Amino acid sequence: MAGIAIVLDLLKKSHNKHAFHSSSSLSSAAAVSAFATAPFASRFLFGSFEPRVAYCDAAAAIDDDYLAAIRKMSADTLQLQTPTYIPTSSKVYNIQPKPLFSAFEFRALAMTTVRSLLMFYLPLLEPKPASEDDDDFLNNAAEELRGADLIVPLKKSVKQIARETTVVTTRRVLERLAISYVSQRMAWKLLKDVPQSTLRKAGRGWPTHVYIYKVSQTTLRGHFLGIAASWTVQVGIEIYRCVNRYVKPKLEEEDEEQVEIAEQAKDLGNKVVGITVRCGASLVFAAIGAGICSCLMRPSTGQWIGCALGDLAGPMVVSICLQKTLQADG
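Residues numbered from 1 in each chain as written. Predicted model: local features only at pLDDT ≥ 70, side-chain atom pairs only at ≥ 80, totals over all residues. Heavy atoms only, no water.

Some points on the packing of aromatic side chains
- Counted according to the given criterion, the structure contains 1 aromatic pair.
- Note on Phe101 and Phe104: the rings are 6.3 Å apart at their centroids and 50° apart in plane angle, and the pair reads as tilted.
- Phe101 sits in the exposed class, given a relative accessible area of 54%.
- Accessibility expressed as a relative area gives 48% for Phe104, which makes it partly exposed.
- Here the guanidinium or amino end of Lys192 rests over the ring plane of Trp188, the centre of that ring lying 4.3 Å away.
- The ring centre of Trp206 lies 5.9 Å from the NZ or CZ of Lys214, which sits over that ring. (Phe/Tyr/Trp six-rings, centres within 6.5 Å; stacked < 30°, edge-to-face > 60°. Buried < 20%, exposed > 50% of the residue type's maximum accessible area, 1.4 Å probe, protein only. Lys NZ or Arg CZ within 6 Å of the ring centre and 35° of its normal.)

Things to note about a positive patch on the surface
- A surface patch of positive charge is lined by Lys155, Lys156, Lys159 and Arg163.
- Among the secondary structure elements, Lys156 is positioned in helix H7 (residues 136–181). (Patch = residues over 30% accessible without salt bridge, like charges linked within 9 Å, V, L, I, M, F, W, Y side chains within 5 Å. Areas by Shrake-Rupley, 256 points an atom, 1.4 Å probe, with all protein chains shown as cover. Salt bridge = Lys/Arg side-chain N within 4 Å of Asp/Glu carboxyl O. Lys, Arg positive; Asp, Glu negative; His and termini not counted. Charge placed at Lys NZ, Arg CZ, Asp CG, Glu CD. Helix = DSSP H or I, 4+ residues; strand = E, 2+ residues; numbered from the N terminus.)

Topic: the pattern of salt bridges
- Tallied over the entire structure, the rule returns 6 salt bridges.
- Arg172 is paired through a salt bridge with Glu175; the nearest N and O atoms lie 3.1 Å apart. Of this pair, Arg172 and Glu175 both sit in helix H7, separated by 3 residues, roughly a single helical turn. Each member of the pair, Arg172 as well as Glu175, is classed as buried.
- Through salt bridges with shared partners, one network takes in Glu238, Arg241, Asp267 and Lys271.

A look at the packing of helix H9 (residues 194–202) against helix H10 (residues 208–222)
- Relative orientation of the contacting elements H9 and H10 amounts to 160°, with a least axis distance of 10 Å. The angle between H9 and H10 places the two elements in the roughly antiparallel class. The element H9 and its partner H10 pack so that their crossing is right-handed. Facing H9, whose interface residues are Val194, Ser197, Thr198, Lys201 and Ala202, H10 presents Tyr211, Lys214, Val215, Thr218, Thr219 and Gly222.
- A breakdown of the residues in the contact of H9 with H10 according to their chemical character gives 4 nonpolar, 5 polar and 2 charged. (Axes fitted to C-alpha atoms, helices over the stretch in contact; angles between N-to-C directions. Parallel < 35°, antiparallel > 145°, perpendicular 65-115°, else oblique. Left-handed = near helix turned anticlockwise from the far one by under 90°. Contact = heavy atoms within 4.5 Å. Nonpolar A, V, L, I, M, F, W, Y, C, P; charged D, E, K, R; others polar.)

Shown next, in the form of structure tokens:
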């Protein structure tokens, strides 16, 4: 019986010879330990008690970097820290505010100057009827009047240049306040490049009404700081005028002065309300115009043109409607 058991054991060893050669030293040690678990003489009677072992070579492709990453992840988990190498799915907001004194750069200041000069000097180029009297006295008076007309538009142009540069600088200040005191997502929406955002929206394949709504919404947010800066400057100018009239020395009695102060305060309140209504109309019409014009032409160009046209048309439409309403009431 013992001889038959020896022969069977030798046959089994010869049958598993190739499998042992292909396995690693760890698997060989495991097989030897498995054979040693059962007594040699009892294998013939009770069979083999060898555990079935499955071998896999997938771990051979694992490099040291992967193992180091696994160790680092385990260490970070134990320390209750977020692993630095796991990418986050949150959106990154790239906020790049423009320089604070960008209104005083050469190109921006030159465009503002040309626009202001054309605004006040173009009406002087309109043809006027020739005078019937050709006397020298009248000609000299006309030349003096013409010289005076050239000085007045120049003063108005300088004031307009100062007003526009102040509005742009105030907007830069509001941008920095928005970055500091509002959320990063809202600051990014207020400071984003609206024409480039319109181009990105045009490539998403939205329906026309959805596209117009999205472009109008983006323009409303992106144009808000500009309107807020314009409102701040206009209200500041009106307050300065009211205070300047109040601090001047007057010869009237105190009662008349108190009445005049009350009238000035009421007049200031009406002007502030009018400025607020015009600025709100400008913002709304700019958003609507940008959404409509971006569908009629190239998205970025149409958005810019529609925003400019709406910005100009909004106060005019509101003023006309208010005048008609007041005339109807009167």
